[in-house]
Amino acid sequence: MKMRNPPVNSLSLEFLTELLISLEKLENDKTFRGIIITSDCPGIFSAGLDLLEMYGRDPAHCAEYWKAVQELWLRVYLSNLVVIGAINGISPAGGCLLSLSCDYRVLANNPKYAIGLNETLLGIIAPFWFKDVLVNTIGHRAAERALQLGFLFPPSDALQVGIVDQVVPEDQVQSTARSVMAQWLAIPDHARQLTKNLVRKPTADRLLQQRDADIQNFVRFISRDSIQKSLHVYLEKLKQKKG
Ligand SMILES: CCCCCCCCC/C=C/C(=O)SCCNC(=O)CCNC(=O)[C@H](O)C(C)(C)COP(=O)(O)OP(=O)(O)OC[C@H]1O[C@@H](n2cnc3c(N)ncnc32)[C@H](O)[C@@H]1OP(=O)(O)O
């Protein structure tokens, strides 16, 4: 699955919906047992959630958007398919969450391809389920530092902390992902799927038990003047960097 939403593969509502539909189709087609998620945007795996879906929008829109974000996460995180991330670009925040939701992550060895939950740098916070997935992956102490400081790990650090499973030369990301897939597909599906569920369900359940409250929290938080201001400053920074 090659993500293509130029220029930066930001997860807009429309793009999230497209990803969801594609995933659903693949899940329902029993000839598919696994997917490799990668990017078609040079140098960028995904810039994360689309900031324009949360900046200057009314509460109803924010609620609809957040529901789609939850939906995609649940679908990828609990997928019966083997999901491998072939991470061929930078993946901050929501891009990192998508990577973390794969069963295995292969990152291209390019110092620009940093990965992490950098929400605090934007003046916002990673929701509890983003945090849970990071804690599950790199452990409590490393997550505590990474989340508060908004670390974006370059490949060598990413491998060391365990936020990715493998770092390989850029031209070997896809072939490595394919050989990892072969290894995972050698396991009987039912045993692997039940085991995946056993490991991941408690984390997913924490959100499933309070999806509506989580949406309301998000809408309340993102609608605050101070948060809208932070987003404005961040978006301006992105623009200035360009000019
Ligand atoms: C209680 C509950 C609590 C809940 C609390 C709330 C929880 C929210 C959780 C949030 C999760 C997130 O994912 S927040 C998103 C985090 N993402 C980021 O910080 C990435 C920001 N982007 C970048 O750093 C860079 O754009 C990067 C990806 C490296 C690419 O750099 P480049 O130089 O190639 O490209 P740029 O010129 O910067 O970007 C090209 C254009 O894309 C836009 N763009 C870039 N990233 C964008 C993005 N994420 N959303 C929208 N638009 C984006 C830029 O503004 C430009 O727009 P034009 O100028 O118009 O062309």
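Our structure is the block above this text.
All values reported here derive from a predicted model rather than from experimental measurement.

What counts and what doesn't
- Residues numbered from 1 in each chain as written.
- Predicted model: local features only at pLDDT ≥ 70, side-chain atom pairs only at ≥ 80, totals over all residues.
- Heavy atoms only, no water.
- Buried < 20%, exposed > 50% of the residue type's maximum accessible area, 1.4 Å probe, protein only.
- Helix = DSSP H or I, 4+ residues; strand = E, 2+ residues; numbered from the N terminus.
- Pairing = 2+ DSSP bridges.
- Right-handed = clockwise from strand over helix to strand, strands pointing away.
- Near = heavy atom within 4 Å.
- Polar contact = N/O pair within 3.5 Å; in protein donor to acceptor, adjacent residues only side chain to side chain.
- Areas by Shrake-Rupley, 256 points an atom, 1.4 Å probe, with all protein chains shown as cover.
- Nonpolar A, V, L, I, M, F, W, Y, C, P; charged D, E, K, R; others polar.
- Disulfide = S-S within 2.5 Å.
- Contact = heavy atoms within 4.5 Å.
- Expected span 1.5 Å × (residues − 1).
- Arc of directions from axis to C-beta.
- Salt bridge = Lys/Arg side-chain N within 4 Å of Asp/Glu carboxyl O.

A. Spotlight on the pairing of strand E2 (residues 34-39). The buried count for E2 comes to 6 of 6 residues, which makes it a mostly enclosed element. Along E2, one buried face is formed by Gly34, Ile36 and Thr38 and the opposite face, lined by Ile35, Ile37 and Ser39, is buried too. Across 2 bridges, strand E1 (residues 2-3) lies against E2 in parallel orientation. Considered in E2, the bridge of Met3 is made with Ser39. Handedness of the crossover is the feature at issue here: the chain leaves E1, passes through helix H1 (residues 13-28), returns alongside E2, and the resulting connection is right-handed.

B. Broad picture of the site of the ligand. Near the ligand lie 25 residues; those nearest to it are Ala47, Leu49, Tyr234, Lys241 and Lys242. Ala47 is positioned with one of its backbone polar atoms (N or O) 2.8 Å from a nitrogen atom of the ligand. Between the ligand and Leu49 there is a distance of 2.8 Å, counted from an oxygen atom to a backbone nitrogen or oxygen. Relative to its unbound accessible surface of 1200 Å², the ligand loses 79% to contact with the protein. Of all the secondary-structure elements, those providing two or more residues to the shell around the ligand are helix H9 (211-223) and helix H10 (225-242). For the shell around the ligand, the element with the most residues is H10, which contributes 4 residues. Residue composition of the shell around the ligand, by class: 17 nonpolar, 4 polar and 4 charged.

C. Local environment of the state of the cysteines. In this structure the tally under the stated criterion is 0 disulfides. Note on Cys41: no disulfide assigned, nearest cysteine sulfur contributed by Cys102 at a separation of 16 Å. Judged by relative accessible area, which is 5%, Cys41 ranks as buried.

D. Highlighting the environment of Cys41. Examined against the element boundaries, Cys41 turns out to sit in the loop between E2 and strand E3 (43-44). Between the C-alpha atoms of Cys41 and Pro6, which are 35 residues apart in sequence, the distance is 6.4 Å. Those residues in contact with Cys41 that sit more than four places away from it in its chain are Met3, Asn5, Pro6, Pro7 and Asn9.

E. Layout of H1. Taking 1.5 Å of rise per residue, the 16 residues of H1 would be expected to cover 22 Å, and the 22 Å separating its terminal C-alpha atoms lies within 8% of that figure. Leu13, Phe15, Leu16, Leu19, Leu20, Leu23, Leu26 and Glu27 are the residues of H1 that are buried. Looking straight down H1, one finds that the buried residues subtend no more than 160° of arc, so they occupy a single side. Facing away from the buried side of H1 by over 90 degrees, the exposed positions are Glu14, Lys25 and Asn28.

F. Summary view of the pattern of salt bridges. The full count for this structure, using the stated rule, is 14 salt bridges. Salt-bridge contacts for Glu71 lead to Arg211; the nearest nitrogen and oxygen are separated by 3.0 Å. Taken together, the residues Glu71 in helix H2 (residues 59-77) and Arg211 in helix H9 connect sequence positions 140 residues apart. According to the relative accessible area criterion, Arg211 is buried, its value standing at 18%. Among the salt bridges present, the one from Lys196 reaches Asp103, with a minimum N-O distance of 2.9 Å. With Lys196 in helix H8 (residues 189-208) and Asp103 in the loop between helix H3 (94-100) and strand E6 (104-108), this residue pair connects regions lying 93 residues apart in the sequence. Since its relative accessible area comes to 10%, Lys196 is described here as buried.

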